[in-house]
Amino acid sequence: MLSLRAAPPSPSTRAAVALHTRAAVAAVALARPARRPLESLRRIARGALLTPIALFLFGAIIGSFANVCILRIPAEESIVSPGSRCPHCKEPVAWYDNVPLLSWLALRGRCRRCDGPISFRYFVVELASALAAVALYLRVGFGVEWAVLFAFVAALIVVTFIDLDHRIIPDVVSLPGIAVGFVLSLRGEPGAVSSAIGILLGAGLLLAVGWGYEAATGREGMGGGDVKLLGMIGAFLGWRSVPFTLLLSSLSGSAVGVTLMWWTGSDRKYAIPFGPFLALGAVLYIFCGDRLIGWYLGLGAG
Ligand SMILES: [Zn+2]
């Protein structure tokens, strides 16, 4: 009978084989030095850059849709049809003139047919949405949490520009936003309890501030839209985000208000929309809320 099993190699044989293998690998590496950096560069590009680039493009497309929402929601028009039209000649915009970011640059902000100016804001909204998609990826990676937060930030972008244009925050965004934020919290961050408290605290805090302001001054200070927006922020980000957002938005809103009064030389109180500052506070909470709250609590302890 012949044994097919080879005898186990002796320790010295194994060492010799290992040495030989290592030498062979080194020799192969030396033989083609030019391919290795290229190879690793390609691997880095594939792994580290492909997702952010794809998300940037996706974000720009959603930004293009956000532009449609900003224009049509206050006018109570459909956000689905008809397709985009030039605001001046009302002609339908061809698909190749409707590519996010690129078309605005290629046409230098003008309509191809009538040469009418196309606002720089379309470009800004598309870029903000694209950058938000990438920034959120860097913050939480790609997954369900990314999708939830990106939808939330896209809604904040829409709300911000509608409030700047019309001084309203449409219920058609904030009320479904509260419901969607709560439902999503059942299966993920920040959890149903925190989300529910966030809704109550968000809406309740602003209502209390509004009533207090009205009782003290006899003027209406806080719009009902702001109340529902802070409720939506609490629904998506949890109750901890509510005092944070309110504090940051009050500080930034006051800073801008005082600057405007100084700039225009007027001492009358400027009625600036509060929605954009609430949105800014919520975005700051997503990206550095933990750190800022930790730093603030640390100040109190130390
Ligand atoms: Zn036109």
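Preceding this section is the structure that the text describes.
Residues numbered from 1 in each chain as written. Predicted model: local features only at pLDDT ≥ 70, side-chain atom pairs only at ≥ 80, totals over all residues.

Chemist: Tell me about the nonpolar core, residues and numbers included.
Modeler: Core analysis: the biggest nonpolar cluster contains 58 residues, and V153, L156, I157, V158, L230, I233 and A282 have the highest contact counts within it. For this core, the secondary structure elements donating two or more residues are α2 (35-72), α4 (120-140), α5 (144-166), α6 (171-185), α7 (192-217), α8 (224-237), α9 (241-264) and α10 (275-301). Examining the composition of this core, we find that 13 residues originate from one element, α5, more than from any other. Each of domain 1 (48-142) and domain 2 (171-288) gives at least three residues to this core. Apart from residues no more than four positions distant in its own chain, I157 is found in contact with A66, V125, A128 and S129. (Core = buried A, V, L, I, M, F, W, Y, C linked by C-beta atoms within 7 Å. Buried ≥ 20, exposed ≤ 12 C-beta atoms within 10 Å, placed from the backbone. Helix = DSSP H or I, 4+ residues; strand = E, 2+ residues; numbered from the N terminus. Domains from an automatic or database assignment. Contact = placed C-beta atoms within 7 Å.)

Chemist: I'd like a description of α5, backed by residues and values.
Modeler: Across its 23 residues, α5 extends 33 Å between first and last C-alpha, which sits within 8% of the 33 Å expected from 1.5 Å per residue. Positioned one or two residues after α5, R167 has a phi angle of 60°, which is positive. (Expected span 1.5 Å × (residues − 1).)

Chemist: Lay out the packing of α7 against α9 with the relevant residues and their values.
Modeler: Interaxial distance between α7 and α9 falls to 9 Å at its minimum, and their mutual angle equals 30°. When the interaxial angle is binned, α7 and α9 end up roughly parallel. Relative to α9, the crossing made by α7 is right-handed. Of the residues in α9, those in contact with G198, L201, G202 and L205 of α7 are S241, V242 and L246. Of the residues contributing to the contact of α7 with α9, the split by class is 4 nonpolar, 3 polar and no charged. (Axes fitted to C-alpha atoms, helices over the stretch in contact; angles between N-to-C directions. Parallel < 35°, antiparallel > 145°, perpendicular 65-115°, else oblique. Left-handed = near helix turned anticlockwise from the far one by under 90°. Nonpolar A, V, L, I, M, F, W, Y, C, P; charged D, E, K, R; others polar.)

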